[in-house]
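Examination of the molecular architecture
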Amino acid sequence: MAKVLLAGESWVSDTTDHKGFDPFPHTQVHIGCTEFLAALRAGGHEVTHLRSHDAGSDFPFSVEELNAYDVVILSDIGANTLLLPPEVFEQGLRRPNRLKVLRDWVHAGGGLMMAGGYLSFQGFRAMANYAGTPLEEALPVTIARWDDRVETPEGAHGQLSDITHPITDGLDKQWPYLLGYQKLTPDPDATVLATIEGDPLLAVKEYGSGRSAAYATDISPHWAPREFMEWPGYQQLFCALVSWLARE
């Protein structure tokens with residue numbers, strides 16, 4: 001059983017409905033990883049979910065704090081949330097660079113996964129902005145400096161590479177369709193386990209004493225449609241990926 005910290009995969013909507021003469025403002029917190037959390041927990045992993053709006057203040061600031069976990073997953077949470085805690089942005093105080101801390105933790109033996117999305121890798125309008133950061137060093141891919149999304153509303157299928165690996169052992173050769181992904185460039189020392197439209201879909205590598213994975217699409221809608229999340233390989237894939245990252 002691995003101890004996992006998932007940061008991201010939540011957002012707050014601020015909406016105004018107009019009903020004739022009268023406007024009706026309301027807000028709502030959305031959680032995008034319900035099925036993902038359930039899949040990992042059903043596979044025996046212990047998962048802590050740190051919502052995006054809490055990560056700015058609560059994401060670990062030190063290697064020692066990160067050592068409470070075996071695997072850290074970043075999903076749909078931009079670099080600014082980790083780089084600009086309230087003490088820095090609001091008070092002008094110095095705090096540790098958590099992208100450097102996370103990189104150093106992986107190098108010392110931790111397991112890191114970044115999943116795709118509009119605020120992952122470089123992201124929508126390049127707002128995720130992980131390209132050129134210390135964390136990119138730990139990932140098995142090079143990130144573009146521009147909006148790196150590839151939208152495939154017609155559906156595009158992931159394909160296993162012809163590589164035997166414990167993460168993908170027993171998975172279908174062709175995966176259910178996906179509705180988009182990040183266009184990434186694998187590092188020379190990366191192993192690409194699955195592709196989509198000829199681009200890396202799942203890449204992994206050893207980094208120092210640790211391991212990392214880049215999963216180039218969503219773990220939940222919209223890029224991961226219901227058909228993908230109901231695929232029996234969904235739980236198998238992510239549980240095996242977490243186990244590999246944790247060296248179980």
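Overview of the structure. Since this is a predicted model, take the numbers as computed values, not measurements.

So, how was this worked out
- Residues numbered from 1 in each chain as written.
- Predicted model: local features only at pLDDT ≥ 70, side-chain atom pairs only at ≥ 80, totals over all residues.
- Heavy atoms only, no water.
- Helix = DSSP H or I, 4+ residues; strand = E, 2+ residues; numbered from the N terminus.
- Expected span 1.5 Å × (residues − 1).
- Buried < 20%, exposed > 50% of the residue type's maximum accessible area, 1.4 Å probe, protein only.
- Contact = heavy atoms within 4.5 Å.
- Pairing = 2+ DSSP bridges.
- Axes fitted to C-alpha atoms, helices over the stretch in contact; angles between N-to-C directions.

1. Some points on helix α9 (residues 232–245)
- Between its first and last C-alpha, α9 extends 21 Å over 14 residues, near the 20 Å set by a 1.5 Å rise per residue.
- By the criterion of burial, α9 is predominantly enclosed, with 10 of the 14 residues buried.
- Turning to α9, its buried residues are G233, Y234, L237, F238, C239, L241, V242, S243, W244 and L245.
- Remark: R247 follows α9 within two positions and exhibits a positive phi of approximately 55°.

2. Thoughts on the side chain of D187
- Relative to the helices and strands, D187 is located in the loop between β10 (185–186) and β11 (191–196).
- Leave out the neighbours within four places in its chain, and D187 touches L139, P140, V141, T142 and K205.

3. Here we look at the sheet that holds strand β5 (residues 71–75)
- Across the sheet, which stays open at both edges, the nine strands sit in the order β4-β1-β5-β6-β13-β12-β11-β8-β9 with mixed pairing between neighbours. Edge positions in the sheet fall to β4 (46–50) and β9 (174–182), since each has one partner strand and no second. Across the sheet, the mean angle from the axis of one strand to that of its neighbour is 20°, orientation sign disregarded.
- Relative to strand β13 (residues 210–215), strand β12 (residues 199–207) runs antiparallel, the two being bridged by six bridges. Bridging across to β13, A203 finds its partner in A214.
- Those strands touched by helix α1 (residues 34–42) are β1 (3–8), β4 and β5, and its axis lies near 160° from that of β4.
- Along the sheet, α9 makes contact with β1, β5, β6 (111–115), β9, β12 and β13, crossing β13 at roughly 150°.

4. Observations regarding the environment of V12
- Mapping V12 onto the fold places it in strand β2 (residues 10–19).
- Put simply, V12 and T27 are 15 residues apart on the chain and 6.9 Å apart in space, counted from C-alpha to C-alpha.
- Residue contacts for V12: discarding those within four places in its chain leaves Q28, V29 and H53.

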